[in-house]
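Next come the chains, spelled out residue by residue.
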Amino acid sequence: MRNNMNRVKLLSLTISMVLSAGALAKIPAEQAATLSSELTPLGATRAANEDGSIPEWTGGITKLPAGYTVGDHHVDPYPTDKIQYTITASNLAEYKSLLTPGQIKLFETYPDTYKMNVYQTRRSASYPDHVYKAVKDNATRSELVEGGNGIKQAAVGIPFPVPATGLEAIWNHTLRYRGESVSRSGGQAAPTASGSYTYVGLNETLLLPYNVKGASAEELEKTNILFKFKQKVTEPARLAGTALLVHETMDQVKTPRQAWTYNTGQRRVRRAPNVAYDAPGTAADGLRTTDDFDMYNGAPNRYNWTLKGKQELLIPYNDYRLHSDKVKYADILQPGHINPDLVRYEKHRVWVVEANLKENTRHTYKKRVFYIDEDSWQVAVTDIYDNRDELYRVGIAHAINYYEVPTLWSTLDVYHDIQSRRYLAIGLDNETKMYDFSKKLNERDFTPAALRREGRR
């Protein structure tokens, strides 16, 4: 791991700004102005890298591609891009400096079948103009609350475009813009070592008061709600009707996460205070924890967080082929890992954040290292270590730009369990209708009574 950290490339402009930011990420107005010059509106380095393999950010995708209609599965805006090179176990040594220890371990675990097809880098991440404005406003005022377990004086955009600490960087991931409300259908599968699987269908809705255009930091602090999430299992029959409701708070010192579950056997809603940290994920066959969902979620208080700097890394990006409705789940799900011929890798700069379990604190994971895309604050890869300091799991998020919003978000999250040689794929939606970012949701849709009604349908 020491050698890997030695590979971290500190980018002089950004890091000098971080160091001058002090203990809090509030920055002077003149530094906030660099979010429209040296840096992108979300704090990424705007310029190309030294050899041009990572190009300058010029705004990302700003118009809908030809042939796309809102409601469709998203067409590939780069259909003519070709594979530049392929990494396999036989040539892995040439590319180790661009890979995480977890990614390298996947090549070692599946030497005959695992590979990475690498394409030219497309810095496609883009967001609405009002989000960019909100980020600039947040930059000069946002703060962490006591112990870093919440934020204040922030709304709509990420709170810390020039992070000074690992905690600030992980809060950027948690609060990255994903629209104001989302309804999505899809599911997950956990193939056995032989490749057989049971598809678990899910209907999910997400209400994001924090992201509402015009939301004020003062009102958000009064309601103390970041988002509300509801999930219902639709198949198989033995699980259908099981439902979950989560209210995520802005200040988790003031009010911790609130959660409820509906059990079809008992036909009642129960409070679920254990839906957090390392509690098992929904129908995940023991292959992820609750706080693995979305690569990381929830209170950060069980870890010490360290911002390591930046690194150039090969990560999944613009994975429109993996997302396509022309692809079936059976085409994606293979023994050991998903079909590598459907995955597009690109070189991007990522923030590196290390989380180490605090003394006298319990969690299944002793250490986690997060690699966060600088253009979107989406965690792209996470390497997870057990209490023996051995690699335990590797999480990989396959991102696209949902350009009708626009926002860059994962289309499929894959959690590899190295020790059992199995994986969990979450977000399979190729054979279902597409995400609906225009769905009108309200607070009444996210009450325990609504959860009860949802479970009984």
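Residues numbered from 1 in each chain as written. Predicted model: local features only at pLDDT ≥ 70, side-chain atom pairs only at ≥ 80, totals over all residues. Heavy atoms only, no water.

As annotated in an unreviewed UniProt entry, the chain is Outer membrane lipoprotein-sorting protein from Colwellia psychrerythraea.

A.B. asks: Quick rundown of the overall build of the chain? Include the residues and the values.
C.D. replies: Across its full length, the chain carries 10 helices and 17 strands. What you see for the chain is a C-alpha radius of gyration of 21 Å, in line with the 23 Å of a compact globule of 457 residues. In the chain, the proportion of contacts linking residues at least 24 apart, taken out of those at least 6 apart, comes to 67%. Counting only carbon and sulfur atoms, one obtains 48% of the accessible surface of the chain, whose full area is about 18100 Å². Of the side-chain charges in the chain, 58 are positive and 53 negative, and the distance between the mean point of each set is 5 Å. (Helix = DSSP H or I, 4+ residues; strand = E, 2+ residues; numbered from the N terminus. Rg over C-alpha atoms; globule rule 2.2 N^0.38 Å. Contact = heavy atoms within 4.5 Å. Areas by Shrake-Rupley, 256 points an atom, 1.4 Å probe, with all protein chains shown as cover. Lys, Arg positive; Asp, Glu negative; His and termini not counted. Charge placed at Lys NZ, Arg CZ, Asp CG, Glu CD.)

A.B. asks: So what's going on with the pairing of strand β5 (residues 181-189)? Which residues, and what values?
C.D. replies: With respect to burial, β5 is a largely interior element, 9 of its 9 residues being buried. Neither face of β5 is left uncovered, since the one carrying Ser181, Ser183, Ser185, Gly187 and Ala189 and the one carrying Val182, Arg184, Gly186 and Gln188 both have all their residues buried. Where β5 meets strand β6 (residues 200-207), 8 bridges bridge the pair, whose relative direction is antiparallel. Opposite Ser181, over in β6, you have Leu207 as the bridge partner. Two elements, β5 and strand β17 (residues 422-428), share 3 bridges in a ladder whose sense is antiparallel. Residue pairing for β17: Ala189 is matched across the bridge by Ala425. (Buried < 20%, exposed > 50% of the residue type's maximum accessible area, 1.4 Å probe, protein only. Pairing = 2+ DSSP bridges.)

A.B. asks: For the side chain of Glu312, give the residues involved together with the corresponding values.
C.D. replies: Assignment of secondary structure puts Glu312 in strand β11 (residues 303-316). Only 3.3 Å separates the side chain of Glu312 from the side chain of Asn49, close enough to count as a polar contact. (Polar contact = N/O pair within 3.5 Å; in protein donor to acceptor, adjacent residues only side chain to side chain.)

A.B. asks: How would you summarise the environment of Trp171 if you had to cite specific residues and measurements?
C.D. replies: By the element assignment, Trp171 lies in helix α6 (residues 166-174). You can call Trp171 buried: its relative accessible area is 2%. Spatially, the C-alpha atoms of Trp171 and Asp129 are 21 Å apart, while their sequence positions differ by 42 residues. When sequence neighbours within four positions are dropped, the list of residues in contact with Trp171 reads Leu144, Gly148, Asn149, Gly150, Ile151, Pro159, Phe160, Leu226, Met250, Gln252 and Pro300.

A.B. asks: How would you summarise the layout of surface pockets if you had to cite specific residues and measurements?
C.D. replies: Taken as a whole, the largest pocket spans an internal volume of roughly 740 Å³. Surrounding the largest pocket, 42 residues form its lining, Glu204, Phe229, Gln231, Arg288 and Phe293 being those nearest its centre. Mapped by element, the contributors of at least two residues to the lining of the largest pocket are β5, β6, β7 (225-235), β8 (243-249), β16 (407-417) and β17. Counted by class, the lining of the largest pocket contains 17 nonpolar, 15 polar and 10 charged residues. (1 Å grid on protein atoms, 1.4 Å probe; cavity = no way out; pocket = protein on both sides within 12 Å on 5 of 7 lines; lining within 4 Å. Points joined across faces, edges and corners; volume = space filled by probe spheres on them. Nonpolar A, V, L, I, M, F, W, Y, C, P; charged D, E, K, R; others polar.)

A.B. asks: Could you give an account of the pattern of salt bridges, with specific residues and numbers?
C.D. replies: Taken as a whole, this structure holds 24 salt bridges when the rule is applied. The salt bridge involving Arg257 is made with Glu248; its shortest N-O contact spans 2.6 Å. Pair check on accessibility: Arg257 and Glu248 agree, each one buried. Ionic pairing is found between Lys310 and Glu374, a salt bridge with its closest N-O pair at 2.6 Å. Taken together, the positions of Lys310 in strand β11 and Glu374 in the loop between β13 (367-373) and β14 (379-385) put the pair 64 residues apart, joining distant regions of the chain. Both residues of the pair, Lys310 and Glu374, count as buried. One salt-bridge network, in which partners are shared between bridges, spans Arg123, Lys310, Arg349, Glu374 and Asp375. (Salt bridge = Lys/Arg side-chain N within 4 Å of Asp/Glu carboxyl O.)

A.B. asks: Describe the pairing of β8, listing the residues and the values that go with them.
C.D. replies: Looking along a regular strand, one sees side chains alternate from face to face of the sheet. In terms of burial, β8 is a largely internal element, 7 of the 7 residues being buried. Relative to β8, β7 runs antiparallel, the two sharing 7 bridges. When the sheet's bridge partners are listed, Gln231 is paired in β8 with Leu244. Of the strand pairs in this sheet, β8 and strand β9 (residues 258-263) are connected by 5 bridges, and their pairing is antiparallel. Within β9, the residue paired with Leu244 across the bridge is Thr261.

A.B. asks: Give a detailed account of the environment of Lys96, specifying residues and quantitative values.
C.D. replies: Within the fold, Lys96 resides in the loop between β1 (85-87) and α4 (101-109). Linking Lys96 and Leu314, residues 218 residues apart in sequence, is a C-alpha distance of 10.0 Å.

A.B. asks: Please provide a residue-by-residue account of the side chain of Asn224, values included.
C.D. replies: You can see Asn224 is positioned in the loop between α7 (217-223) and β7. Relative accessible area serves as the criterion here: at 6%, Asn224 is assigned to the buried category. A polar side-chain atom of Asn224 sits 2.7 Å from the main-chain amide nitrogen of Asp251. Excluding residues that lie within four positions of it along the chain, Asn224 makes contacts with Glu248, Thr249, Met250, Asp251, Lys254 and Thr255.

A.B. asks: I'd love a proper account of the confidence of the model for the chain, names of residues and values included.
C.D. replies: When pLDDT is averaged along the chain, the result is 92, and 93% of the positions lie at 70 or above. Mean pLDDT values for the elements of the chain range from 39 in helix α2 (residues 12-21) up to 99 in strand β2 (residues 116-118). Residue range residues 1-23 is modelled with pLDDT below 50. Its contacts to residues more than four positions away, or to other chains, number 58 contacts. (pLDDT = per-residue confidence, 0-100.)

A.B. asks: Let's hear about the nonpolar core: which residues, and what values?
C.D. replies: Formed by 121 residues in total, the largest nonpolar core has its most connected members in Ile151, Trp305, Ile332, Phe370 and Ile372. Per-element accounting of this core gives the leading share, 8 residues, to strand β15 (residues 391-402). Those residues in contact with Ile372 that sit more than four places away from it in its chain are Ala169, Ile170, Arg349, Val350, Trp351, Val353, Trp377, Gln378, Val379 and Ala380. Residues Leu245, Tyr262, Phe446 and Leu451 belong to the second largest nonpolar core, which totals 9 residues. (Core = buried A, V, L, I, M, F, W, Y, C linked by side-chain atoms within 4.5 Å.)

A.B. asks: Explain helix α5 (residues 129-139) to me, using residue names and the numbers behind them.
C.D. replies: Buried within α5 are the following residues: Val131, Tyr132, Ala134, Val135, Asn138 and Ala139. Angular distribution of buried residues about the axis of α5 spans 160°; they occupy a single face of the element. Opposite the buried face of α5, at more than 90 degrees from it, the exposed residues are Asp129 and Lys133. (Arc of directions from axis to C-beta.)

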